[in-house]
Amino acid sequence: MQHDLRLRAAARVIYDNVYPPVDAVQFSFDEAERFGTEEYRQAVGAAQDARSVLADQHDQLLFAAIL
């Protein structure tokens, strides 16, 4: 996912918030990314979902501004 730096940053923030270091997660975000852990894939999915929702909201705001 290194080609989409904004999506990767969002996934990192989600990962760090959902799986803080005090929990039983064994890997840092970078390690989880390298190994493709389930937690990493969940964070990426959440980031993708957030991106689509935020894009939809932005599009709606632009459309409302035109009216």
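Caption draft 1: Structural context of the pattern of salt bridges. Applying the stated criterion to the full structure yields 4 salt bridges. Its salt-bridge partner being R51, residue D4 comes within 2.6 Å of it at the nearest N-O pair. Of the two residues, D4 sits in the segment before helix 1 (5-18) while R51 sits in helix 3 (residues 38-66), which places them 47 residues apart along the sequence. Exposure remark for R51: the relative accessible area of 42% places this residue in the partly exposed category. The salt bridge involving D30 is made with R12; its shortest N-O contact spans 2.7 Å. Placement of the pair is D30 in helix 2 (residues 29-35) and R12 in helix 1, with a sequence separation of 18 residues. A relative accessible area of 37% means that D30 is categorised as partly exposed.

Caption draft 2: Examining the nonpolar core more closely. One finds L7, A11, Y15, Y19, F29, A32, Y40, A43, V44 and A47 forming the largest nonpolar core, which totals 10 residues. Mapped by element, the contributors of at least two residues to this core are helix 1, helix 2 and helix 3. The element best represented in this core is helix 3, accounting for 4 residues.

Caption draft 3: The layout of surface pockets, seen in detail. Its boundaries defined by the atoms lining it, the largest pocket holds a volume of some 180 Å³. Taken together, D4, R6, L7, A10, A47, A50, R51, L54 and A55 make up the lining of the largest pocket. Of all the secondary-structure elements, those providing two or more residues to the lining of the largest pocket are helix 1 and helix 3. Per-element accounting of the lining of the largest pocket gives the leading share, 5 residues, to helix 3. By residue class, the composition of the lining of the largest pocket is 6 nonpolar, no polar and 3 charged.

Caption draft 4: Up close: the environment of F29. Residue placement: F29 occurs in helix 2. Residue class for F29 comes out buried when judged on its relative accessible area of 2%. With 16 residues separating them along the chain, F29 and V13 place their C-alpha atoms 9.3 Å apart.

Conventions used here
Residues numbered from 1 in each chain as written. Predicted model: local features only at pLDDT ≥ 70, side-chain atom pairs only at ≥ 80, totals over all residues. Heavy atoms only, no water. Salt bridge = Lys/Arg side-chain N within 4 Å of Asp/Glu carboxyl O. Helix = DSSP H or I, 4+ residues; strand = E, 2+ residues; numbered from the N terminus. Buried < 20%, exposed > 50% of the residue type's maximum accessible area, 1.4 Å probe, protein only. Core = buried A, V, L, I, M, F, W, Y, C linked by side-chain atoms within 4.5 Å. 1 Å grid on protein atoms, 1.4 Å probe; cavity = no way out; pocket = protein on both sides within 12 Å on 5 of 7 lines; lining within 4 Å. Points joined across faces, edges and corners; volume = space filled by probe spheres on them. Nonpolar A, V, L, I, M, F, W, Y, C, P; charged D, E, K, R; others polar.

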